[in-house]
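# Observations on chain architecture
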Amino acid sequence: MPSRAADLARAAACAVDADLVVELAQSLVRIDSVVRPATGGGEAACVAWLESYLRGRGLAPVVHEVLPGRPNLVVDVPFAGRPGRGRRRRLLFEGHTDVVTEGDLALWTRDPFGAEIVDGRLYGRGACDMKGGLAAALAAIDALRRVAPDLPGDIRLACLADEEGMMRGVKRFIEEGLARDVDGAIVCEPEELELCLVQKGAMRVVVDLTGRMAHGAMPYAGANPVPAAAEVVRGAVRLDEEIRARMGVHPYLGAPYLTPTILAAPPAGEAQLNVVPARARVGLDVRTIPGQDHRALERDLCALAAGAVAASPGVSAEVTVVDDRPVVETPPDARVVRALEAACPIALGRPPRYGGVPGSTDGTFLAAWAGVPVVVVGPGTRTVPHQADEWVGVDDLVASARLYAAAAVLFLMEDE
């Protein structure tokens, strides 16, 4: 590593304003960006705050509507180096602005949108997943602009919608060509400051079973889809066990899973104890590791569904893959990996630690659809997101910002 790059990376890490990181995280957590279809809630208020903040710092963010009231925000942060010397390198900092529901408020001991700090923890919905990571990226950019204005490249910050849903924000980002000129991406998700080069794949699958409605006193007059739905669940449990026995445990991702998550009869409307429903639905959440073929899994699930209805005359089954997210792996020699590895001793005072993403992130599509080398790394404990009293450590917020700042310098200055 050139000594000038290392020295500047160290300066950028030290320049991170710890108070600013915390203030940014608190400001973001205090904005309710839960997606609430019934009341029009979503990411718009959070994006409006980010747009105002960035414009106040002389940047020109662009807002792209993904769904009504649910925008992406993208901003390019230019630096002054490498004039007239060919194409400039670009690093992406990526995160999402939507958060999951706060759920039952009785389970919280803190205000979910209060951003209260107690014993070194910042509490609130999205503090960990992942407004803390966004705050760290913003603070890193602030430090870089102050101490490294002549970097020979640019940073793009993407604050995207719908990550907690169908990931339509990142899909739109890619469709609009905004990943085409990106050379590497840091996805700022809560991964305990481990460098995650591999992410599990995912399939969301619905099995719809159709029979014929009847009076509960005369079930023979109908065709009951409920026993077939139960058999789908039993078959899914057996298939899950078979898959895990065959695939084993990945060193960073753990075991694959095929989990029944929905059992509804009827799928919509009110169920009645004295009515044989006409329809039933089973939802399956499938998580895969390297070596699994999603198309083969789909065929297995179709065979499972066919077997489940074989003993239920008059009942049919239809299998639909609602969403399909592949396993993605970033080569360990990718430039963004090298930059983060070298930044860890500088920013964190320790060698890099490695992990894997147990779910999928926007980085899944950046890698699979756009071919961008991705590392997922950010502040927060993996098991904390989506729980009551969600929190992120203040020290981790600051450490992440320092890591991002140092890594950006090393990424953009490599070979200079």
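Residues numbered from 1 in each chain as written. Predicted model: local features only at pLDDT ≥ 70, side-chain atom pairs only at ≥ 80, totals over all residues. Heavy atoms only, no water.

Right, let's talk about the overall build of the protein for a bit. Regarding its fold elements, the protein presents ten helices and 18 strands. Rg of the C-alpha trace for the protein: 24 Å, near the compact-globule value of 22 Å for 416 residues, within the 12% margin. Seen through its C-alpha atoms, the protein measures out along the principal axes to roughly 80 × 40 × 40 Å. For the protein, with 416 residues in total, the buried portion stands at 55%. At a minimum sequence separation of 6, the contacts of the protein that also span at least 24 residues come to 81%. Carbon and sulfur atoms form 52% of the exposed surface of the protein, whose accessible area is close to 17100 Å². Between the centroid of the 43 positive side chains of the protein and the centroid of its 55 negative side chains there is a distance of 3 Å. (Helix = DSSP H or I, 4+ residues; strand = E, 2+ residues; numbered from the N terminus. Rg over C-alpha atoms; globule rule 2.2 N^0.38 Å. Buried < 20%, exposed > 50% of the residue type's maximum accessible area, 1.4 Å probe, protein only. Contact = heavy atoms within 4.5 Å. Areas by Shrake-Rupley, 256 points an atom, 1.4 Å probe, with all protein chains shown as cover. Lys, Arg positive; Asp, Glu negative; His and termini not counted. Charge placed at Lys NZ, Arg CZ, Asp CG, Glu CD.)

Another point: the pattern of salt bridges. Oppositely charged side chains can form a pair if their charged atoms are brought close together. Here the structure, examined in full by the defined rule, presents 31 salt bridges. With a closest N to O distance of 3.4 Å, D7 and R10 form a salt bridge. Of this pair, D7 and R10 both sit in helix α1 (residues 3-15), separated by three residues, roughly a single helical turn. Here the residues in one salt-bridge network are D76, R88, R90, D154, R156 and D181, joined through shared partners. (Salt bridge = Lys/Arg side-chain N within 4 Å of Asp/Glu carboxyl O.)

Here we take up the sheet that holds strand β4 (residues 117-118). Within the open sheet, the three strands sit side by side as β4-β5-β18. Their pairing is antiparallel. Unpaired on one side and paired on the other, β4 and β18 (391-393) mark the two borders of the sheet. Inspection of the sheet shows strand β5 (residues 121-123) paired to β18 by three bridges, in the antiparallel sense. Residue pairing across strands places L122 opposite V392, the latter belonging to β18. Its contacts with the sheet place helix α2 (residues 18-29) against β4 and β5, and it is angled at close to 20° to β5. Across the face of the sheet, helix α4 (residues 127-147) comes into contact with β5 and β18 while running at roughly 45° to β18. (Pairing = 2+ DSSP bridges. Axes fitted to C-alpha atoms, helices over the stretch in contact; angles between N-to-C directions.)

For α2, with twelve residues, the first-to-last C-alpha span of 17 Å sits near the 16 Å given by 1.5 Å per residue. Inspection of α2 places L20, V21, V22, L24, A25, Q26, L28 and V29 among the buried residues, and these make up the whole buried set. Looking at the buried positions of α2, the neighbouring elements they touch are α3 (44-55), β4, β5, α4 and α10 (394-413). Sitting at the amino-terminal end of α2 is D17, which places a side-chain oxygen 3.0 Å from the backbone nitrogen of D19. (Expected span 1.5 Å × (residues − 1). Polar contact = N/O pair within 3.5 Å; in protein donor to acceptor, adjacent residues only side chain to side chain.)

Quick look at the nonpolar core now. The biggest cluster of nonpolar side chains holds 81 residues, and the ones touching the most others in it are F93 and I186. If sequence neighbours within four positions are ignored, F93 has contacts with A137, A140, I141, I155, R156, L157, A158, I186, Y404 and A408. Membership of the second largest hydrophobic core comes to 24 residues, among which are V286, L297, V315 and V319. (Core = buried A, V, L, I, M, F, W, Y, C linked by side-chain atoms within 4.5 Å.)

Now for the sheet that holds strand β11 (residues 257-264). Strands sit in the order β11-β13-β9-β14 across an open sheet of four strands; the sheet is antiparallel. Each of the sheet's edge strands pairs with one partner strand only, and the pair in question is β11 and β14 (316-325). Neighbour to neighbour, the strand axes of the sheet diverge by 20° on average, direction disregarded. The pairing of strand β9 (residues 201-210) with β14 spans nine bridges and is classified as antiparallel. The partner of M203 across the bridge, within β14, is D324. Helix α6 (residues 226-247) rests against β9, β11 and β13 (279-288) of the sheet, and its axis sits at about 170° to β11.

With that settled, consider α10. The first and last C-alpha atoms of α10 sit 29 Å apart over 20 residues, in line with the 28 Å expected at 1.5 Å per residue. The buried fraction of α10 amounts to 17 of the 20 residues, a majority that puts the element mostly inside the structure. Downstream of α10 by one or two residues, D415 has phi in the positive range, about 75°.

Taken as a whole, the largest pocket holds about 480 Å³ of empty space. What lines the largest pocket is a set of 19 residues, and nearest its centre among them are D129, G359, S360, P385 and H386. Empty space within the second largest pocket amounts to approximately 170 Å³. If you trace the second largest pocket, you find it lined by M213, A265, P266, P267, E270, A271, Q272, V275, P277, A278 and R279. For the lining of the second largest pocket, the class distribution of residues is eight nonpolar, one polar and two charged. (1 Å grid on protein atoms, 1.4 Å probe; cavity = no way out; pocket = protein on both sides within 12 Å on 5 of 7 lines; lining within 4 Å. Points joined across faces, edges and corners; volume = space filled by probe spheres on them. Nonpolar A, V, L, I, M, F, W, Y, C, P; charged D, E, K, R; others polar.)

What follows is about the pairing of strand β1 (residues 62-67). Summarising the sheet, β1 and strand β2 (residues 70-78) pair through five bridges and their orientation is antiparallel. Within β2, the residue paired with V63 across the bridge is L73. Here β1 hands over to β2 after two residues, with G69 in that stretch at a positive phi of 75°.

Glancing now at the packing of α2 against α10. Helix packing geometry: the angle between the two helix axes and the distance between the axes. One can describe the packing of α2 onto α10 by two numbers: an axis separation of 9 Å at closest approach and a directional angle of 115°. By the angle between their directions, the pair α2 and α10 is classed as roughly perpendicular. For the element pair α2 and α10, the recorded crossing hand is right-handed. Counted together, A18, V21, V22 and A25 of α2 and V394, L397, V398 and A401 of α10 form the full contact between these two elements. By residue class, the composition of the contact of α2 with α10 is eight nonpolar, no polar and no charged. (Parallel < 35°, antiparallel > 145°, perpendicular 65-115°, else oblique. Left-handed = near helix turned anticlockwise from the far one by under 90°.)

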